[in-house]
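Geometric and topological summary
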Amino acid sequence: MIAPLAFGVAGVAILICLGVWQLHRLEWKRAILSGMEARMSAPASDVPASPAEAEHEYLHVAVAGTLEPGEVHVYTSAPPRGVGYRIIAPLRLGDGRRVLLDRGFVPIADKEAPRPPERIRVEGALLWPDETDGWTSPPDLEKNIWLARDVPAMAAALGTEPLMIVASATDDPAGPEPLPVGVNIANNHLEYAITWFSLAAVWAVMTGYLLWRIKRRTV
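Keep in mind the model is a prediction, meaning the values are calculated, not measured.

Broken down by element type, the chain carries 4 helices and 6 strands. Listing each helix as α and each strand as β along the chain from the N terminus yields α-α-β-β-β-β-β-α-β-α. At 26 Å, the chain has a C-alpha radius of gyration far larger than the 17 Å of a compact globule built from 219 residues. Summarising its shape, the C-alpha atoms of the chain cover approximately 85 × 35 × 30 Å along the three principal directions. Here the chain holds 219 residues, and 37% of them are scored as buried. Taking the contacts inside the chain whose residues are at least 6 apart along the sequence as the reference set, 66% of them involve residues at least 24 apart. For the chain, the computed accessible surface area is about 12600 Å², with 62% contributed by carbon and sulfur atoms. The centroid of the 20 positive side-chain charges in the chain is displaced by 13 Å from the centroid of its 25 negative side-chain charges.

Below, the structure is given as C-alpha cells:
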C-alpha cells in the first residue's frame, strides 16, 4: 500500500498547490482591475510625459489639440449600431506631441466621409488594446482596412507616438460616435481554483477507494 498511498498524497498535494496558486493569481488580478477602475473614475488629468502601460492604462485624461491629416480605419462591430469602423487619427497636443486618437465609430457608408483637420477637445482614457496575435491578418493598406488596433503599427503608419487616447466625449458633435471605454479583462482564477481543489478532492477519494480495495485484497 505504500506506493499507491505515496502517489495519492503527492497528487493531492500538487493539485492543492495549483489551487492555492490560482487564489494568489485571483488577488493579483483583482488588484490590477481595481487600479484600472480607480484610474478611470479619477478626475481627468493631462497625458503623462512618460506613459507606461502597467501604470497608466485606462488613465482618465482630458486634452486639447489639433486633428491632423491621415486616418486608420479599424473594422469593428458596435451593437446595436451594426458593423463599421473605428476612426483612428493623429492628434497634435498643445506641447507638440503627436498621439493616436480613437475618435469612435462610423457606419460602413461613412468610412470615406471627409473629416478635415480641426481643433478639438477630448476626454477619454489611455489604452493599449490587446487585440493582435499570431492569427491576426495584416491590414489592407490599399483599402485602409485594419482588423485590430495595433498601436505600434498604427503609430508607425501615422507618424505618432505609440500612445492612444480612446475618446469618451469630444466637442465635435459631427465627428465619429465615441464608443464606451470599460475594463474588459477576464478574471477566471476563482473558477480555476475551484477546479483544482475539486480535482484534489476526487484524487483523494479515488486514492482512498484504491487503498480500501487493496486492503480487502480485491485488487
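Right, let's get into unusual backbone geometry. Backbone torsion omega between Pro-79 and Pro-80 reads 0 degrees, so that peptide bond is classified as cis. Mapped onto the elements of the fold, Pro-80 is located in the loop between β2 (72-77) and β3 (83-93). At Tyr-58, a position not held by glycine, the phi torsion is positive, near 70 degrees. Along the chain, the position of Tyr-58 falls in the loop between α2 (53-56) and β1 (60-67). The residue Asn-144 is not glycine, and still its phi comes out positive at about 55 degrees. With respect to the element layout, Asn-144 can be found in the loop between β5 (118-126) and α3 (151-158).

In the structure shown here, the tally under the stated rule is 1 cavity of 30 Å³ or more. Of the voids in this model, the largest cavity is the one considered here, and its volume is about 30 Å³. Around the largest cavity sit Arg-103, Ile-120, Thr-170, Gly-175 and Pro-176, which together line it. Of the residues contributing to the lining of the largest cavity, the split by class is 2 nonpolar, 2 polar and 1 charged.

On to helix α4 (residues 189-215). With 27 residues, α4 extends 39 Å between its outermost C-alpha atoms, agreeing within 8% with the 39 Å of an ideal straight helix rising 1.5 Å per residue. Within the span of α4, buried status applies to His-189, Ala-193, Ala-200, Thr-207 and Leu-211. Taken together, the buried residues of α4 touch α1 (2-41). Arg-217 occupies a position one or two residues after α4 and carries a positive phi of about 60 degrees.

Take the packing of aromatic side chains next. Tallying each qualifying case throughout the model produces 3 aromatic pairs. Ring centres of Tyr-75 and Tyr-85 lie 5.6 Å apart, and the angle between their planes is 70 degrees; on these two criteria the pair is classed as edge-to-face. Here Tyr-75, found in strand β2, pairs with Tyr-85, found in strand β3; they are 10 residues apart in sequence, far enough to count as distant. A relative accessible area of 37% places Tyr-75 in the partly exposed class.

Here we take up a nonpolar patch on the surface. Taken together, the side chains of Ile-16, Val-20, Leu-23, Leu-190, Ile-194 and Phe-197 define a hydrophobic patch exposed on the protein surface, amounting to about 440 Å² of accessible area. The set of elements that each furnish at least two residues to the nonpolar patch consists of α1 and α4. Looking at the secondary structure, you find Val-20 in helix α1. For Val-20, a relative accessible area of 34% puts it in the partly exposed group.

What follows covers the pairing of strand β4 (residues 98-107). The element β4 is extensively covered by neighbouring structure, given that 9 of its 10 residues are classed as buried. Where β3 meets β4, 9 bridges bridge the pair, whose relative direction is antiparallel. When the sheet's bridge partners are listed, Ile-88 is paired in β4 with Asp-102. Counting the residues in the hairpin turn of β3 and β4 gives 4 residues, including Gly-96, whose phi is positive at 95 degrees. Bridging between β4 and strand β6 (residues 164-170) involves 3 bridges; their strand directions are parallel. Bridging across to β6, Leu-100 finds its partner in Met-164.

About the thresholds
- Residues numbered from 1 in each chain as written.
- Predicted model: local features only at pLDDT ≥ 70, side-chain atom pairs only at ≥ 80, totals over all residues.
- Heavy atoms only, no water.
- Helix = DSSP H or I, 4+ residues; strand = E, 2+ residues; numbered from the N terminus.
- Rg over C-alpha atoms; globule rule 2.2 N^0.38 Å.
- Buried < 20%, exposed > 50% of the residue type's maximum accessible area, 1.4 Å probe, protein only.
- Contact = heavy atoms within 4.5 Å.
- Areas by Shrake-Rupley, 256 points an atom, 1.4 Å probe, with all protein chains shown as cover.
- Lys, Arg positive; Asp, Glu negative; His and termini not counted.
- Charge placed at Lys NZ, Arg CZ, Asp CG, Glu CD.
- 1 Å grid on protein atoms, 1.4 Å probe; cavity = no way out; pocket = protein on both sides within 12 Å on 5 of 7 lines; lining within 4 Å.
- Points joined across faces, edges and corners; volume = space filled by probe spheres on them.
- Nonpolar A, V, L, I, M, F, W, Y, C, P; charged D, E, K, R; others polar.
- Expected span 1.5 Å × (residues − 1).
- Phe/Tyr/Trp six-rings, centres within 6.5 Å; stacked < 30°, edge-to-face > 60°.
- Patch = residues over 30% accessible without salt bridge, like charges linked within 9 Å, V, L, I, M, F, W, Y side chains within 5 Å.
- Salt bridge = Lys/Arg side-chain N within 4 Å of Asp/Glu carboxyl O.
- Pairing = 2+ DSSP bridges.

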